[in-house]
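Report on the structure
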Amino acid sequence: WNIHPTEAERETWKEVDVVLKDALGILDELQAYKGAGQEIREAIQNPSDEALQDQAWAAVVPLVGKLKTFYEFSQRLEAALHSLLRALTSETYNDPTQHLEREQALAKQFAEILHFTLRFDELKMTNPAIQNDFSYYRRTLSRMRINNVPAEGENEVNNELANRISLFYADATPMLKSLSDGTTKFVSENKNLPIENTTDVLSTMATVCKVMLETPEYRSRFSSEETFSFCLRVMVGVIILYDYVHPVGAFAKSSKIDMKGCIKVLRDQPPNSVEGLLNALRYTTKHLNDESTTKTIKSMLQ
């Protein structure tokens, strides 16, 4: 999978590569995120014990710094996605297959962004400490404001930023939501670009992943379990972006994605390994509950 960018791709590739290099560190930090549950509980149970209040605050402030970093990274990721979409949907080639074949290095980066996004959200979904820590931080901050106590942690996150960060983490799958919004924004900002340029790249990628995952001879070529789950995440990621951007979404009969086939591939895996991905399809898509979605598909995702 070491694909070298062609001359035409190099500029965009470099720009995105910087972001992807940081993505690994972000996942490591999120995976190691333990939260300040213990300190917060003790502070709340003993409201008059100043030392415990100080301890909880001291534990929470650096964690909020991390949460802010993750949030800011989501914006860098969205910008990287825009650069890739601009390249992969431009009028240089006639169709998405050509784009994906001639710009393999960029297509791979696009896949890596989606893989990161779903991995991030899987980790976030199983970590309730994130929202608890952040809401404790906000409550304590507003109490300090009322009492005119200078808060050394406040320079980290002002009120307006705190609101945005709070909204970000309130979503079940924040990174995916941010990418979906970013893709929607890309399409609406590029009115002169046929919407199919974008949706066809997405549906083609979904098909490629599905075929690779369901065909035994391709599957046997996967170097590891890691490559396999990479493909699963990318498939789910492009389906969700397609569902956001396409006027009727991914689940309608006219959709260019074989949703039954894709869900079947997921269903054929050990349940605990794909639960997060099935949840992303259940809760982060836009059109699943539309009238136009067949009963079969709805029941497959029950």
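Per an unreviewed UniProt entry, the recorded name for the protein chain is Family with sequence similarity 49 member Bb, and the organism is Cyprinus carpio carpio. The UniProt entry for the protein chain carries the following text under Subcellular location (unreviewed entry): "Membrane".

Turning our attention to the overall build of the protein chain. Each helix and strand counted, the protein chain has 14 helices and 0 strands in total. The order of α-helices and β-strands along the protein chain, N terminus first, is α-α-α-α-α-α-α-α-α-α-α-α-α-α. Over its C-alpha atoms the protein chain spans a radius of gyration of 21 Å, differing by no more than 12% from the 19 Å that the globule rule assigns to 302 residues. In terms of principal-axis extent, the alpha carbons of the protein chain reach across some 65 × 45 × 40 Å. Pairs at least 24 residues apart make up 75% of the contacts formed inside the protein chain by residues separated by at least 6 positions.

As for its position among the elements, Asp121 is in helix 5 (residues 104-125). No salt bridge is formed by the buried Asp121. Its closest oppositely charged neighbour is Lys124, at 7.1 Å. Contacts of Asp121, omitting those with residues within four sequence positions, involve Thr173, Pro174, Met175 and Leu176.

So, on to helix 6 (residues 129-146). Its 18 residues place the ends of helix 6 26 Å apart at the C-alpha level, agreeing with the 26 Å of an ideal helix rising 1.5 Å per residue. Those residues of helix 6 that fall on the buried side of the exposure criterion are Ala129, Ile130, Asp133, Phe134, Tyr136, Tyr137, Thr140, Leu141 and Met144. All buried residues of helix 6 project into a common sector of 160 degrees when viewed along the axis, lining one side. Lining the buried residues of helix 6 we find helix 1 (10-31), helix 2 (37-45), helix 3 (50-89), helix 5 and helix 7 (159-170). Of the residues trailing helix 6, Asn148 is marked for its positive phi of about 55 degrees.

Right, let's get into the packing of aromatic side chains. The tally for this structure, following the rule as stated, stands at 7 aromatic pairs. An aromatic cluster is present here, built from Phe70, Phe73, Phe116 and Phe120 joined pairwise through their rings.

Moving on to helix 9 (residues 195-214). In a regular helix each residue adds 1.5 Å, so 20 residues correspond to 28 Å; helix 9 covers 29 Å between its end C-alpha atoms and thus fits that length. With respect to burial, helix 9 is a largely interior element, 14 of its 20 residues being buried.

Here we come to the pattern of salt bridges. Pairing is possible between side chains of opposite charge, provided their charged atoms come close. Applying the stated rule across the entire model yields 14 salt bridges. Of the charged contacts, one joins Lys210 and Asp258 as a salt bridge, the two residues approaching to 3.2 Å between their closest N and O atoms. Placement of Lys210 in helix 9 and of Asp258 in the loop between helix 11 (225-245) and helix 12 (259-267) is noted, with a sequence separation of 48 residues between them. When its relative accessible area of 10% is taken as the criterion, Lys210 is described as buried. The network of salt bridges with shared partners includes Arg119, Glu122 and Arg233.

Below, the discussion takes up empty space enclosed by the protein. Enumeration according to the criterion identifies 1 cavity of 30 Å³ or more in this entry. One number sums up the size of the largest cavity: a volume of about 30 Å³. Looking at the largest cavity, the residues that line it are Leu118, Asp121, Glu122, Met125, Thr173, Leu176, Gly276 and Ala280. Elements with a minimum of two residues in the lining of the largest cavity: helix 5 and helix 13 (271-283). It is helix 5 that provides the largest number of residues to the lining of the largest cavity, a total of 4 residues. When the residues that make up the lining of the largest cavity are grouped by side-chain class, the tally is 4 nonpolar, 2 polar and 2 charged.

Right, let's get into the state of the cysteines. Evaluated as defined, the whole model comprises 0 disulfides. A disulfide-free cysteine, Cys231 has its sulfur positioned 4.6 Å from the sulfur of Cys209, the nearest such atom. Cysteine Cys262 remains unbridged, with the sulfur of Cys209 as its closest cysteine sulfur at 8.5 Å. Judged by its relative accessible area of 1%, Cys262 is buried.

What counts and how
Residues numbered from 1 in each chain as written. Predicted model: local features only at pLDDT ≥ 70, side-chain atom pairs only at ≥ 80, totals over all residues. Heavy atoms only, no water. UniProt positions renumbered as here; feature names shortened; annotations may be inferred. Helix = DSSP H or I, 4+ residues; strand = E, 2+ residues; numbered from the N terminus. Rg over C-alpha atoms; globule rule 2.2 N^0.38 Å. Contact = heavy atoms within 4.5 Å. Buried < 20%, exposed > 50% of the residue type's maximum accessible area, 1.4 Å probe, protein only. Lys, Arg positive; Asp, Glu negative; His and termini not counted. Salt bridge = Lys/Arg side-chain N within 4 Å of Asp/Glu carboxyl O. Expected span 1.5 Å × (residues − 1). Arc of directions from axis to C-beta. Phe/Tyr/Trp six-rings, centres within 6.5 Å; stacked < 30°, edge-to-face > 60°. 1 Å grid on protein atoms, 1.4 Å probe; cavity = no way out; pocket = protein on both sides within 12 Å on 5 of 7 lines; lining within 4 Å. Points joined across faces, edges and corners; volume = space filled by probe spheres on them. Nonpolar A, V, L, I, M, F, W, Y, C, P; charged D, E, K, R; others polar. Disulfide = S-S within 2.5 Å.

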